[in-house]
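A structural walkthrough
Given next are the chains, with one letter for each unit.
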Amino acid sequence: MSEKKQILVTQPFLPPLDEFNEYLRQIWESKWLTNNGKFHQELEKALCEYLGIKYISLFSNGTLALITAIQTLKITGEVITTPYSFVATSHALWWNNIKPVFVDIEPETFNIDLNKIEAAITPKTTAIMPVHVYGNPCRVEKIKEIADTYGLKVIYDAAHAFGVKINNNSVLNFGDLSVMSFHATKVYNTFEGGAIVCHDEATKKRIDFLKNFGFANETTVVAPGINAKMNEVQASMGLLQLKYIDENIEKRKKIAELYRKNLKDIKGISFMHDLSGVKHCYPYFPIFVNEEYSRTRDELYEELKKNNIYGRRYFYPLISHFSPYRSMDSAKPENLPVAEKVSNQVICLPMYPELEIEDITNITLIIKNI
Ligand code: T4K
């Protein structure tokens, strides 16, 4: 590793420029740039096939997809969610005038703790919005059971779960809706981008109205929709990325295996293992630094930085610590002990398909020898 080379937590995969230029040429020729263009339509089809899902609506980014998913189901009042996520999860509720109610997480998967959901339900609760954190699938059957019992909707934030399967079935087939992110930092990127996955044609139609100002046809507006459409440049990038996605996930898997091998005997450092029956996509490689380690989490984080290794503390601080949320009852640290602890222990190490073996070796040597 050369002295100056910076290793960031992630680096987007970009396909060969020649291949992308061919798409750009076609866009230039057709002069069709957005609004359900040819590549947009092709990508929806291709993603349904690749992911093993029935309906998908593409968005300009994941946050607008989350906001629109909530609008689609006409969610109101309070929604139960997790504080251990990227802030967009709760912000999407806020933008819909909905109060997020935070529930603690499980220490094994870092997903919302199912045993604590029921205690958080009030007469105002209309939905649960769990996150498949780091691509670890939530216990979807149990969440469905709770939702059905209390008459709640379920919207999964599946921003980290591209291609994740449980017993060969896409994790996106669970819940009323699932929301994806195709941001530059994700396993699959369209520069910026996102999607809502649903299970019937009528819902897809409604989502498509909502992301296009509410237009049902040239002269009819059926709802106060927004502009959240994916454009043709993003969609063509998506088509190209699909060509390389299996290879890229395989490379990520190899990197995760190497990290695990190198880190396995370090006191005070733990990490995630593959879950049985799950096909993972390896979006992040979080490690958790506990008191048995020779330094604190932040000392290790700084030491890595001194060595030009820029991990990130996803997710620290918790969403419940941010100013829009911290005065809420459910945001109190004593209500969220596991999330508080995990958030203070985590560092996501660099993880991307082109990360070199030599770099992984160096990163793990620093962690070992500090
Ligand atoms: N729900 C969940 C659970 C999410 O994780 C996210 C997004 C969303 C919803 C919302 O989806 P989007 O609306 O974003 O589609 C990054 C991403 O911006 C964000 O998409 C992601 N989660 C979050 C976990 O990470 P930051 O503030 O950490 O990004 P930034 O700019 O610091 O970049 C992180 C690293 O990636 C840097 O070290 C540099 C590198 N990078 C970044 C970009 C943008 C590149 O190498 N190239 C790039 O183009 O939020």
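Residues numbered from 1 in each chain as written. Predicted model: local features only at pLDDT ≥ 70, side-chain atom pairs only at ≥ 80, totals over all residues. Heavy atoms only, no water.

**Considerations on the environment of G214**
Examined against the element boundaries, G214 turns out to sit in the loop between α6 (201-210) and β11 (215-217). Accessibility expressed as a relative area gives 0% for G214, which makes it buried. With 13 residues separating them along the chain, G214 and N227 place their C-alpha atoms 8.9 Å apart. If we ignore the near neighbours within four places in the chain, the residues touching G214 are F209, T220, V221, V222, A223 and G225. (Helix = DSSP H or I, 4+ residues; strand = E, 2+ residues; numbered from the N terminus. Buried < 20%, exposed > 50% of the residue type's maximum accessible area, 1.4 Å probe, protein only. Contact = heavy atoms within 4.5 Å.)

**Some remarks on the site of the ligand**
Close contacts around the ligand come from 25 residues, with T63, D157, S181, K186 and Y314 the closest. Between an oxygen atom of the ligand and a side-chain N or O atom of Y314, the distance comes to 2.5 Å. Considered on its own, the ligand offers 930 Å² of accessible surface; in the complex 75% of this is hidden by protein. Secondary structure elements with two or more residues in the shell around the ligand: α3 (62-72) and α4 (88-94). Within the shell around the ligand, the residues separate by chemical class into 11 nonpolar, 11 polar and three charged. (Near = heavy atom within 4 Å. Polar contact = N/O pair within 3.5 Å; in protein donor to acceptor, adjacent residues only side chain to side chain. Areas by Shrake-Rupley, 256 points an atom, 1.4 Å probe, with all protein chains shown as cover. Nonpolar A, V, L, I, M, F, W, Y, C, P; charged D, E, K, R; others polar.)

**So, a nonpolar patch on the surface**
Among the surface-exposed residues, F213, F215 and V221 lie close enough to one another that they form a single nonpolar patch of about 260 Å² accessible area. Checked against the element boundaries, V221 lands in strand β12 (residues 220-221). (Patch = residues over 30% accessible without salt bridge, like charges linked within 9 Å, V, L, I, M, F, W, Y side chains within 5 Å. Salt bridge = Lys/Arg side-chain N within 4 Å of Asp/Glu carboxyl O.)

**Thoughts on the sheet that holds strand β5 (residues 125-129)**
In sheet architecture, strand pairing relies on hydrogen bonds along the backbone and comes in two forms, parallel and antiparallel. Ordered in space as β2-β10-β9-β6-β5-β3-β4, the seven strands form an open sheet in which the pairing is mixed. Edge strands, defined here as strands with exactly one partner in the open sheet, are β2 (55-59) and β4 (99-102). Sheet twist, expressed as the mean angle between neighbouring strand axes with direction ignored, is 25°. Packing against the sheet, helix α2 (residues 38-51) makes contact with β2 and β9 (177-181), and its axis sits at approximately 130° to β2. Sheet strands touched by α6: β2, β9 and β10 (194-198). Its angle to β2, the strand with the most contacts, is close to 10°. (Pairing = 2+ DSSP bridges. Axes fitted to C-alpha atoms, helices over the stretch in contact; angles between N-to-C directions.)

**Considering the pairing of β10**
Taken across its five residues, β10 has five buried, putting it largely inside the fold. Alternating positions in β10 separate into two faces, G194, I196 and C198 on one and A195 and V197 on the other, with burial throughout. Looking at chain direction, β2 and β10 are connected through five bridges and run antiparallel. Within β10, the residue paired with L58 across the bridge is A195. Pairing analysis gives four bridges linking β9 to β10, with the strands arranged antiparallel. Bridge pairing in β10 places V179 opposite I196.

**Regarding the nonpolar core**
Counting 60 residues, the largest nonpolar core has L47, I287, L349 and I367 as the members making the most contacts within it. In terms of residue count, helix α7 (residues 232-263) provides more of this core than any other element does, 11 residues in total. When residues of this core are assigned to domains, at least three fall in each of domain 1 (7-11 + 245-369) and domain 2 (17-242). Contact partners of L349, with chain neighbours within four places excluded, come to V9, Y259, L263, F285, I287, L304, I363 and I367. If you look at the next biggest cluster of nonpolar residues, it comprises 24 residues, including V9, V87, Y134 and A331. (Core = buried A, V, L, I, M, F, W, Y, C linked by side-chain atoms within 4.5 Å. Domains from an automatic or database assignment.)

**Description of unusual backbone geometry**
Between Y314 and F315 the backbone carries a cis peptide bond, its omega angle lying at 15°. Note on placement: F315 falls in the loop between β16 (309-310) and α9 (337-345). A cis amide bond, omega -5°, links Y316 with the succeeding residue P317. When you line up the elements, P317 lands in the loop between β16 and α9. Positioned with a positive phi, N308 is a non-glycine residue whose angle comes to about 65°. Residue classification places N308 among the buried positions, given a relative accessible area of 17%.

Purely geometric numbers; function is a separate question.
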